Amino acid sequence: MKHLFSLVPLLAFIMLFKFNITATAQTEPKQRIVEDGGTGPYKAIMKEEPSLEAHTIFAPQDLMPFGPENPLPVLVWGNGACTNSPWEHYKFLSEIASYGFLVVATGYIPMDDSPYQGPMSTTAQQIESIDWAIAQNGTSSSPYYNKVDVSRICVAGMSCGGLQSLFNCADERISVLMICNSGLFNQQNASQAVPGMPMPPKEKLQDIHSPVLYLLGGEPDIAYHNGMDDFHRLNHVPAYAANLPVGHGGTYGQPHGGEFAVVARAWLQWQLKDDQQAAQMFRGQENSLSRREGWTLQKNSLAE
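A brief look at the structure comes next. (Residues numbered from 1 in each chain as written. Predicted model: local features only at pLDDT ≥ 70, side-chain atom pairs only at ≥ 80, totals over all residues. Heavy atoms only, no water.)

Turning our eyes to something else, we now look at the packing of aromatic side chains. We describe a pair of aromatic rings using the distance from one ring centre to the other and the angle between the two ring planes. Inspection of every chain in the model, using the stated rule, returns 14 aromatic pairs. When the ring of Tyr252 is compared with that of Phe260, the centres are 5.4 Å apart and the planes differ by 80°; the resulting orientation is edge-to-face. Residue Tyr252 is classed as buried on the basis of its relative accessible area of 1%. Relative accessible area serves as the criterion here: at 0%, Phe260 is assigned to the buried category. Clustering of aromatic rings is evident, with ring pairs tying together Trp77, Phe92, Tyr252, Phe260 and Trp295. Directly above the ring of Phe167 sits Lys204, whose terminal nitrogen or CZ lies 5.9 Å from the centroid. (Phe/Tyr/Trp six-rings, centres within 6.5 Å; stacked < 30°, edge-to-face > 60°. Buried < 20%, exposed > 50% of the residue type's maximum accessible area, 1.4 Å probe, protein only. Lys NZ or Arg CZ within 6 Å of the ring centre and 35° of its normal.)

Right, dumping it as structure tokens:
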């Protein structure tokens, strides 16, 4: 009996140790490396961020190359169907991050290809993404301290995520927009919208104060007419409409995001990093995008 009582403190310590290990494992932020980190020079990682609930971060694994002389521009992303997870777009977003961007996507991290089941996301989550990126750059304890270019922020999204981006377009912190497989509804086709989507009127286009790229899936895309109608109405900011006839789903799920990732990356490298080689995909009559198989590019009078 004496030996039994002497074992009690030891057993209690073992139980406490096991509990702490289990608790730590349960609270450890999830992360995942997608397609070997992408094809870019800065291999990317997808991860949860404890300080930003219901969002997923895509960023270079090694942040040492980044600082005031080489900061990370920001891509804020909203998902199709206003889904609260970038489960359909994670290959596309990881690929972009691998070229030296901080991507802050709406919604919970997808650890596999299973469709997300849960409530829809909100327009406010994109604003939370911008707030977070700016705060991280100014917080000395953050791994992103003085490494984020808070003057270069693109807000973008696919389908309903594009509508969320247009809803938020007046935010003065936005440097550029990228509206993917999306466009504002008008009175004639508003009944086609999925319940719960943001539904700004066409007049909302006047709040856009930055260059904008519409990245569309051609006439097979159910959002084609909405997006092209937006494009044709824009006469106060540089506007571009790039079309590849693959339909509403784009190429996001293809390896490294497919053709849509190539074009989106070039847009971001030009607009957010002043990359003049990337600019050649859009500039002039002899732009390289129009020479890529299947693509067409239209520009308004203010575009280069």
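Don't stop here, the text continues.
Here we take up the layout of surface pockets. Empty space within the second largest pocket amounts to approximately 170 Å³. Around the second largest pocket sit 13 residues that line it, and Glu48, Glu49, Pro50, Glu53 and Ala54 are the ones nearest its centre. Partitioning the lining of the second largest pocket into residue classes produces six nonpolar, three polar and four charged. (1 Å grid on protein atoms, 1.4 Å probe; cavity = no way out; pocket = protein on both sides within 12 Å on 5 of 7 lines; lining within 4 Å. Points joined across faces, edges and corners; volume = space filled by probe spheres on them. Nonpolar A, V, L, I, M, F, W, Y, C, P; charged D, E, K, R; others polar.)

Opposite charge on two side chains lets them pair, provided their charged atoms get close. What the rule picks out here adds up to nine salt bridges. Measuring nitrogen to oxygen at the nearest pair gives 3.1 Å for the salt bridge that ties Asp207 to Lys204. On the basis of relative accessible area, Asp207 is assigned to the partly exposed category, the value being 35%. Take Lys204: its relative accessible area is 18%, and that puts it in the buried class. Note that Arg233 is salt-bridged to Asp229, the shortest N-O span being 2.7 Å. In this pair, Arg233 and Asp229 both sit in helix H5 (residues 224–233), four residues apart, roughly one turn of the helix. Salt bridges here are not isolated pairs; linked through shared partners, they connect Lys202, Asp229, Asp230 and Arg233. (Salt bridge = Lys/Arg side-chain N within 4 Å of Asp/Glu carboxyl O. Helix = DSSP H or I, 4+ residues; strand = E, 2+ residues; numbered from the N terminus.)

Function cannot be read off these values alone, since they describe shape.
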